[in-house]
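As a plain string of letters, each chain reads:
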Amino acid sequence: MENALDQIRDGGKRALAGALTRIEAEPDGAETMALLDAAYAAPRAHAVGLTGPPGVGKSTLTASLIEHWRSLGRTVGVIAVDPSSKISGGALLGDRTRLRTDPADQGVFVRSMAARDRLGGLADLTVAALVLMRALFDVVLVETVGVGQSETDVSTAVDTVVLCIQPGSGDALQFMKAGIVEIPDIVAVTKIDMGMTAAQAQADLASALDLRDRPPGEWAVAALGVSALKGEGVDDLVGLIDRHFAHLAPALAGRRQTQAGQWLIQFVRERWGREGVKRAGALTLDPGISPFRTLSRLARDLAA
Ligand code: GDP
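Source: prediction; values computed, not measured.

Colleague: How do you make sense of the overall build of the protein chain when you look at a structure like this?
Modeller: Tallying secondary structure elements over the protein chain gives 11 helices and seven strands in all. If you take every contact in the protein chain between residues at least 6 apart in sequence, the share linking residues at least 24 apart comes to 76%. Summed over its atoms, the accessible surface of the protein chain is roughly 14300 Å², and 52% of this surface lies on carbon and sulfur atoms.

Listed below in structure tokens is the structure:
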């Protein structure tokens, strides 16, 4: 019999949408667990996080990236994480560009998800959706609104973090210099059609990012200017994203395993505190078993 993951592959976007809805409805259900185990064991995509403050141009750039990746024949899944309405009342979205894609194109799928209790952070369902979509597409892009420290949340779930900043805004740069925000892998200076040249943007950032000591062999944070509106620099950005993935390749599986473990511990700490972490610490993550199953077992144990 065909397994659940193959059924989704065969059923296309409609099947995937249904599966994501089922995961939301029954996050601990047996079907969900089996599906997530299968997906976790069969990663295919390069998972890319795109983050930055509201209005910086993330949605516009996402649309541009999708177009570019599709032109290269790559399939793309997008998870657009909307900030929770708890603090912002939804106002953060402002004039946010709605992402429009061709509904007939089976090679691109977009899902919006709420960040729920962590502003700009990843809800657990987001991570589950990422794991599922990672097994189905060539690229999975997770777009999150980064405010202050929330960038770190993305970096625990994706392979490559792209931080978007606007020329002249300086905020993100200050954060990075002060060590408040984890350094991304790539910095994209957006809207360079508005006056600043790509070269200027790149030089400014490069000098700031150079402040950090870097052990030999470590990835050098790359900065570049883009104009999603004019399509400038997007091919270079795609090239850089690919280069970062190639850089990670030799250690990718181990790194993802470590990330999954970190995600699990973080989740357990938030929900059950130190006692939970103590018990989770004794659990080892089996590469064939998703962290969601481990979490669900742990939840049962702690409730007993
Ligand atoms: P998000 O909130 O980060 O997703 O930002 P959006 O993609 O919604 O963009 C916010 C505003 O900036 C919109 O009015 C966009 O049209 C505009 N914008 C986005 N990219 C560019 C660009 O490359 N150049 C210019 N001039 N404007 C842009």
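On we go from here.
Colleague: Can you walk me through helix H3 (residues 58–71) in this structure?
Modeller: Turn by turn, an α-helix covers 3.6 residues, leaving residues three or four places apart pointing in a common direction. Taking 1.5 Å of rise per residue, 14 residues should cover 20 Å, and H3 covers 20 Å from first to last C-alpha, within 8% of that figure. Lys 58, Ser 59, Leu 61, Thr 62, Ser 64, Leu 65, Ile 66 and Trp 69 are the residues of H3 that are buried. Contacts from the buried residues of H3 go to strand S1 (46–52), strand S2 (76–82), strand S3 (108–114), strand S4 (139–145), strand S5 (160–165) and helix H9 (234–248).

Colleague: Can you help me understand the pattern of salt bridges in this one?
Modeller: Should the charged atoms of two oppositely charged side chains come close, the side chains can pair. Counting across every chain of the model gives nine salt bridges. With its nearest N and O atoms 3.5 Å apart, the salt bridge here joins Glu 31 to Arg 22. What makes Glu 31 exposed here is its relative accessible area of 58%. Since its relative accessible area comes to 42%, Arg 22 is described here as partly exposed. Arg 111 is the partner of Glu 24 in a salt bridge, and the nearest nitrogen-oxygen pair spans 3.2 Å. Residue Glu 24 is found in helix H1 (residues 4–25), and its partner Arg 111 is found in strand S3; the two are separated by 87 residues along the sequence. Relative accessible area serves as the criterion here: at 32%, Glu 24 is assigned to the partly exposed category. You can call Arg 111 buried: its relative accessible area is 15%.

Colleague: What's the story with the pairing of S5 in this structure? I'm lost.
Modeller: Side-chain positions along a regular strand alternate between the two faces of the sheet. S5 sits mainly inside the fold: six of its six residues count as buried. Looking at chain direction, S1 and S5 are connected through four bridges and run parallel. Across the sheet, the residue bridging to Gly 49 is Val 161, located in S5. Where S5 lies against strand S6 (residues 186–189), four bridges are found, and the strand directions are parallel. Opposite Cys 164, over in S6, you have Ala 188 as the bridge partner.

Colleague: Explanation requested: the packing of aromatic side chains in the structure shown.
Modeller: What describes a pair of aromatic rings is the distance from one ring centre to the other and the angle between the planes of the rings. Under the defined criterion, the tally for this structure stands at two aromatic pairs. Relative to Phe 137, the ring of Phe 109 lies with its centre 6.4 Å away and its plane at 25°, an arrangement referred to as stacked. Separated by 28 residues along the polypeptide, Phe 109 in strand S3 and Phe 137 in the loop between helix H5 (124–134) and S4 bring together distant segments of the chain. For the pair formed by Phe 109 and Phe 137, the shared burial category is buried. A ring pair is formed by Trp 263 and Phe 292, whose centres lie 5.2 Å apart and whose planes are at 65°; its orientation type is edge-to-face. Taken together, the positions of Trp 263 in helix H10 (residues 252–281) and Phe 292 in helix H11 (residues 291–303) put the pair 29 residues apart, joining distant regions of the chain.

Colleague: Where do I start with the site of the ligand in this structure?
Modeller: Around the ligand, 17 residues are found, and the nearest of them are Gly 55, Lys 58, Ser 59, Thr 60 and Asp 193. Coverage of the ligand by the protein amounts to 84% of the 580 Å² it exposes when considered alone. Looking at side-chain class alone, the shell around the ligand contains six nonpolar, six polar and five charged residues.

Colleague: Whenever I open this one, the environment of Val 48 confuses me. Can you help?
Modeller: Take Val 48: it is sitting in strand S1. Looking at Val 48, the relative accessible area reads 0%, which means it is buried. Remark: the alpha-carbon pair of Val 48 and Val 161, spanning 113 residues in sequence, is separated by 6.0 Å. When sequence neighbours within four positions are dropped, the list of residues in contact with Val 48 reads Val 139, Val 140, Leu 141, Val 142, Val 158, Thr 160, Val 162 and Ile 241.

Cut-offs used in this document
- Residues numbered from 1 in each chain as written.
- Predicted model: local features only at pLDDT ≥ 70, side-chain atom pairs only at ≥ 80, totals over all residues.
- Heavy atoms only, no water.
- Helix = DSSP H or I, 4+ residues; strand = E, 2+ residues; numbered from the N terminus.
- Contact = heavy atoms within 4.5 Å.
- Areas by Shrake-Rupley, 256 points an atom, 1.4 Å probe, with all protein chains shown as cover.
- Expected span 1.5 Å × (residues − 1).
- Buried < 20%, exposed > 50% of the residue type's maximum accessible area, 1.4 Å probe, protein only.
- Salt bridge = Lys/Arg side-chain N within 4 Å of Asp/Glu carboxyl O.
- Pairing = 2+ DSSP bridges.
- Phe/Tyr/Trp six-rings, centres within 6.5 Å; stacked < 30°, edge-to-face > 60°.
- Near = heavy atom within 4 Å.
- Nonpolar A, V, L, I, M, F, W, Y, C, P; charged D, E, K, R; others polar.

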